[in-house]
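Each chain, written out:
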Amino acid sequence: MAWTGTAVIEPGRLVYAGALGAAHAHTHAAVQIAVAVDGVLRFSDGGDGTAQGTAAVIPPASPTHSTRARPGA
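Every value quoted in this text rests on a predicted model; they were computed, and no experiment measured them. (Residues numbered from 1 in each chain as written. Predicted model: local features only at pLDDT ≥ 70, side-chain atom pairs only at ≥ 80, totals over all residues. Heavy atoms only, no water.)

> Describe a nonpolar patch on the surface, with residues and values.
Taken together, the side chains of Val-31, Ile-33, Val-35 and Val-57 make up a nonpolar region of the molecular surface, amounting to roughly 410 Å² of accessible area. Structurally, the position occupied by Ile-33 is in strand S4 (residues 32-35). (Patch = residues over 30% accessible without salt bridge, like charges linked within 9 Å, V, L, I, M, F, W, Y side chains within 5 Å. Areas by Shrake-Rupley, 256 points an atom, 1.4 Å probe, with all protein chains shown as cover. Salt bridge = Lys/Arg side-chain N within 4 Å of Asp/Glu carboxyl O. Helix = DSSP H or I, 4+ residues; strand = E, 2+ residues; numbered from the N terminus.)

> Requested: an account of the environment of Ile-33, with residues and values cited.
With relative accessibility at 61%, the residue Ile-33 sits in the exposed group. In the structure, Ile-33 is positioned 26 residues away from Pro-59 in sequence and 8.7 Å away in space, judged by C-alpha atoms. Not counting chain neighbours up to four residues away, the residues in contact with Ile-33 comprise Ala-56 and Val-57. (Buried < 20%, exposed > 50% of the residue type's maximum accessible area, 1.4 Å probe, protein only. Contact = heavy atoms within 4.5 Å.)

> A description of the layout of surface pockets should follow, citing residues and the corresponding values.
Unfilled space is identified by rolling a water-sized probe across the atoms. Taken as a whole, the largest pocket spans an internal volume of roughly 880 Å³. Tyr-16, Leu-20, Gln-32, Ile-33 and Ala-34 are the residues nearest the centre of the largest pocket, which is lined by 31 residues in total. For the lining of the largest pocket, the secondary structure elements donating two or more residues are strand S2 (13-19), strand S3 (23-26), S4, strand S5 (40-44) and strand S8 (65-70). Residues that form the lining of the largest pocket fall into these classes: 21 nonpolar, seven polar and three charged. (1 Å grid on protein atoms, 1.4 Å probe; cavity = no way out; pocket = protein on both sides within 12 Å on 5 of 7 lines; lining within 4 Å. Points joined across faces, edges and corners; volume = space filled by probe spheres on them. Nonpolar A, V, L, I, M, F, W, Y, C, P; charged D, E, K, R; others polar.)

> Lay out the confidence of the model for the chain with the relevant residues and their values.
Of all residues in the chain, 93% attain a pLDDT of 70 or more, and the chain-wide mean is 83. Per-element confidence in the chain is highest for strand S1 (residues 4-10), whose mean pLDDT is 90, and lowest for S8, whose mean pLDDT is 76. (pLDDT = per-residue confidence, 0-100.)

> Got a sec to walk through the pattern of salt bridges? Specific residues and values, please.
Overall, the coordinates contain one salt bridge when judged by the stated rule. Measuring nitrogen to oxygen at the nearest pair gives 3.1 Å for the salt bridge that ties Arg-13 to Glu-10. Of the residues examined, Arg-13 reaches a relative accessible area of 51% and is grouped as exposed. The class for Glu-10 is partly exposed, based on a relative accessible area of 37%.

> Can you tell me about the nonpolar core, naming the residues and giving the values?
Core analysis: the largest hydrophobic core is formed by six residues, namely Leu-20, Ala-34, Ala-36, Leu-41, Phe-43 and Ile-58. Setting aside anything within four residues of it in sequence, one finds Ala-34 in contact with Leu-41, Phe-43, Thr-54, Ala-55 and Ala-56. (Core = buried A, V, L, I, M, F, W, Y, C linked by side-chain atoms within 4.5 Å.)

> Got a sec to walk through the environment of Ser-44? Specific residues and values, please.
Relative to the elements of secondary structure, Ser-44 occurs in strand S5. As a C-alpha pair, Ser-44 and Ala-30 span 14 residues in sequence and 18 Å in three-dimensional space. Residues contacting Ser-44, with those up to four places away along its chain left out, are Gly-49, Thr-50, Thr-64, His-65 and Ser-66.

Printed below as a string of structure tokens:
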């Protein structure tokens, strides 16, 4: 699935709204807030740990993680 949506970039923030594609392992310098309007978000910690739900808050400098969205799940 491809990323399709819009992004707003301003000093101190980036806001993306739209369909998520897969995001391979990465970290953030800032807090990440993810909300699924339709479907489920699935997060992996780079090891065997996974979590899924309709919303998540990932603190800055958290261990490497990856994200996938499952529309309509």
